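The chain contents come next:
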Amino acid sequence: MDLINTKILKIDNENPDKDKIKEAARILKSGGTVAFPTETVYGLGANALNEDSIDKIFNAKGRPQDNPLIVHIADIDQINKLVKNISKRAKTIMEKFWPGPLTVIFDKSDIVPYKVTGGLETIAIRMPNHKIALSLIKEANLPIAAPSANISGKPSPTESSHVIQDLSGKIDMVIDGGNTGVGLESTVLDLSGDIPTILRPGGITIEDLLTVFDKVDYDKALENNDENLKPKSPGQKYRHYSPNAKMTIIKGNENLVSKEINKLTKKYEDQGLKVGIMATEEMKDKYENGEILVVGSKQKTETIAKNLFDTLRKFDKLKVDIILAEAIDEKGIGKAIMNRMGKASQNIVKVE
Ligand code: TXA
Ligand code: MG
């Protein structure tokens, strides 16, 4: 792939400069690619209705063609052209959680190219809750397809430097709008069956959704490691968010977890390997050796969500061979954290 010149444009999220937004929107309108911040992670945006633009996204990321993209809108009216119909349940959920980290699956209309949907008859749509993202989409006046702005398989970007590291020379522009908020991607929700089903856990938790629906399920393929179960969200079948090192999650009683991590650290260090420990604030002082990075606080799991991908990238910078990570309690956003950690890791050790 020939390298192109990637322009980096700094925009203040509190008060986005109109001229800069216009400059970025011009690239989108003329078929180019712009990485921009959202409240979850940075997205790599392009015109969702232009097949050549979509090709540029897949090529830059090295993304498998059958993994569909989420289409981003800034105005609820934009949705009408993209979908066949909007159910009552969809309407309720959009009113309650948009703009926000919730992606909803609809039947796609004929104008949506199969390239965007990975050949599926359905389309994933969300309205991000972020000033820069919203003003950019409004100004471009287009539905914007935007997967996370990382090389396929790498941790998603939560700051512009992550995007630049992965995609510089492959995309037209990166908007530097500071750190993203949530730090993990949106929740992907399927409303086609009797029971609303979470295909990918994310920023909106099952507890949030249960304030609207009596019952919410997780896609069976998420709960199970059965290779024969096909995830409804094609992206969930790939190994993801992977640091270069081999990662093991250690789960169980706190004391046993720290003991096991100390034992494994010693074992690997004796083999001449460099070990990274992904620790919580509460546990960090229990570790004797290794490169210890604090990912956040068990008491405030949202801090772990915010720092997870950056911490994985930091371990890469430290060139560790092995990452030993404490498991996180799966309530609230913890469910999404453990989903991403599970995909980044090779195995989980239970000590109980
Ligand atoms: O927070 C987010 O959602 C970020 C920001 C940039 O908006 N975007 C994001 O996109 O995470 P991406 O491409 O990294 O993940 C999209 C996920 C994949 O797991 C994909 O399989 C699923 O959404 N998806 C997209 N269209 C789908 C569809 N029609 N049916 C089921 N799953 C779909
Ligand atoms: Mg992604």
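Basis of the calculations
Residues numbered from 1 in each chain as written. Chains lettered and ligands numbered in written order. Predicted model: local features only at pLDDT ≥ 70, side-chain atom pairs only at ≥ 80, totals over all residues. Heavy atoms only, no water. Core = buried A, V, L, I, M, F, W, Y, C linked by side-chain atoms within 4.5 Å. Buried < 20%, exposed > 50% of the residue type's maximum accessible area, 1.4 Å probe, protein only. Helix = DSSP H or I, 4+ residues; strand = E, 2+ residues; numbered from the N terminus. Contact = heavy atoms within 4.5 Å. Axes fitted to C-alpha atoms, helices over the stretch in contact; angles between N-to-C directions. Parallel < 35°, antiparallel > 145°, perpendicular 65-115°, else oblique. Left-handed = near helix turned anticlockwise from the far one by under 90°. Nonpolar A, V, L, I, M, F, W, Y, C, P; charged D, E, K, R; others polar. Near = heavy atom within 4 Å. Polar contact = N/O pair within 3.5 Å; in protein donor to acceptor, adjacent residues only side chain to side chain. Areas by Shrake-Rupley, 256 points an atom, 1.4 Å probe, with all protein chains shown as cover. Pairing = 2+ DSSP bridges. Phe/Tyr/Trp six-rings, centres within 6.5 Å; stacked < 30°, edge-to-face > 60°. Lys NZ or Arg CZ within 6 Å of the ring centre and 35° of its normal. Expected span 1.5 Å × (residues − 1). Bend = angle between axes of the 7 residues up to and from the residue. Salt bridge = Lys/Arg side-chain N within 4 Å of Asp/Glu carboxyl O.

Undergrad: Just checking my understanding: could you explain the nonpolar core for this structure?
TA: Generally speaking, soluble globular proteins have nonpolar side chains that are buried together. Ranked by internal contacts, the top residues of the largest apolar core, which has 64 residues, are Ile93, Trp98, Leu102, Phe106, Ile125, Ile175 and Leu209. Ranked by residue count, the leading element in this core is helix H5 (residues 131–140), at 6 residues. Those residues within four positions of Leu102 in sequence are excluded, and the remaining contacts are Ile93, Phe97, Ile125, Arg126, Ser186, Thr187, Leu189, Ile204 and Leu209. Ala245, Met278, Ala305 and Phe309 belong to the second-largest nonpolar core, a separate cluster that totals 26 residues.

Undergrad: In this structure, what is going on with the packing of helix H6 (residues 160–167) against helix H10 (residues 301–317)? I would like to understand it.
TA: Working note: a packed helix pair is described by the angle between its axes plus the distance between those axes. Put simply, H6 and H10 touch, their axes get as near as 11 Å, and they point 50° apart. It follows from the interaxial angle that H6 and H10 lie oblique. At the point where H6 passes H10, the crossing takes the left-handed sense. From H6, His162, Gln165 and Asp166 reach across to H10, where they touch Asp310, Arg313 and Lys317. Looking at the contact of H6 with H10 residue by residue, the classes come out as no nonpolar, 2 polar and 4 charged.

Undergrad: Please clarify how the site of ligand 1 should be interpreted in this entry.
TA: Residues in contact with ligand 1 amount to 28 residues; listed here are only the nearest, Thr40, Arg63, His72, Ser186 and Gly235. Within the side chain of Arg63, an N or O atom sits 2.9 Å from an oxygen atom of ligand 1. Protein coverage of the free-state accessible area of ligand 1, which is 690 Å², stands at 97%. Taken together, the elements giving at least two residues each to the shell around ligand 1 come down to strand E4 (70–72), strand E6 (122–126) and strand E10 (197–200). With 4 residues, E6 is the single largest residue contributor to the shell around ligand 1.

Undergrad: Got a minute to help me understand the sheet that holds strand E16 (residues 347–351) in this structure?
TA: Ordered in space as E14-E13-E15-E12-E16, the 5 strands form an open sheet in which the pairing is parallel. Each having just a single partner strand, strand E14 (291–296) and E16 make up the two edges of the open sheet. Sheet twist, expressed as the mean angle between neighbouring strand axes with direction ignored, is 25°. Pairing of strand E13 (residues 275–280) with E14, which is carried by 5 bridges, proceeds in the parallel orientation. Residue pairing for E14: Gly276 is matched across the bridge by Glu291. Across the face of the sheet, helix H11 (residues 334–344) comes into contact with strand E12 (246–252), E13, strand E15 (322–326) and E16 while running at roughly 135° to E12.

Undergrad: How should the packing of aromatic side chains be read in this particular structure?
TA: To describe a pair of aromatic rings, you give the distance between the ring centres and the angle between the ring planes. Taken as a whole and assessed by the stated rule, the structure comprises 0 aromatic pairs. Stacked on the ring of Tyr114, the Lys or Arg Lys108 has its end atom at 4.2 Å from the ring centre. Over the face of the ring belonging to Tyr218 we find Lys335, whose NZ or CZ atom lies 4.2 Å from the ring centre.

Undergrad: Hey, could you run me through H10 in this one?
TA: Each full turn of the α-helix corresponds to 3.6 residues, which orients residues three or four apart in the same direction. Spanning 17 residues, H10 covers 24 Å between terminal C-alpha atoms, matching the ideal 24 Å at 1.5 Å per step. Of all the bends in H10, the greatest measures close to 45° and is centred on Asn307. Listed as buried for H10 are Thr301, Ile304, Ala305, Leu308, Phe309, Asp310, Thr311, Leu312, Arg313, Phe315 and Asp316. The elements touched by buried residues of H10 are H6, E12, E13, E14, E15 and H11. Remark: Lys319 follows H10 within two positions and exhibits a positive phi of approximately 55°.

Undergrad: Is there a simple way to think about the pattern of salt bridges in this case?
TA: Between side chains of opposite charge, pairing is possible as soon as their charged atoms come close. Evaluated as defined, the whole model comprises 18 salt bridges. Residues Glu185 and Arg340 are paired through a salt bridge, measuring 2.8 Å at the closest nitrogen-oxygen approach. Of this pair, Glu185 sits in the loop between strand E8 (173–176) and strand E9 (187–190) while Arg340 sits in helix H11, placing them 155 residues apart in sequence. One exposure class covers both Glu185 and Arg340, and it is buried. Glu281 is paired through a salt bridge with Lys284; the nearest N and O atoms lie 2.7 Å apart. On the accessibility criterion, Lys284 (27% relative accessible area) is partly exposed. Via salt bridges that share partners, Glu51, Asp55 and Lys115 belong to a single interconnected network.

Undergrad: Before we go on, may I ask you to explain unusual backbone geometry in this structure?
TA: With the exception of glycine, the majority of residues adopt a negative phi angle, and the majority of peptide bonds are in the trans configuration. Cis geometry marks the peptide bond from Trp98 to Pro99, where omega comes out at -5°. Within the secondary structure, Pro99 sits in the loop between helix H3 (88–97) and strand E5 (102–107). A positive phi angle is found at Asn141, which is not glycine, with a value near 55°. Here Asn141 lies in the loop between H5 and strand E7 (144–145).

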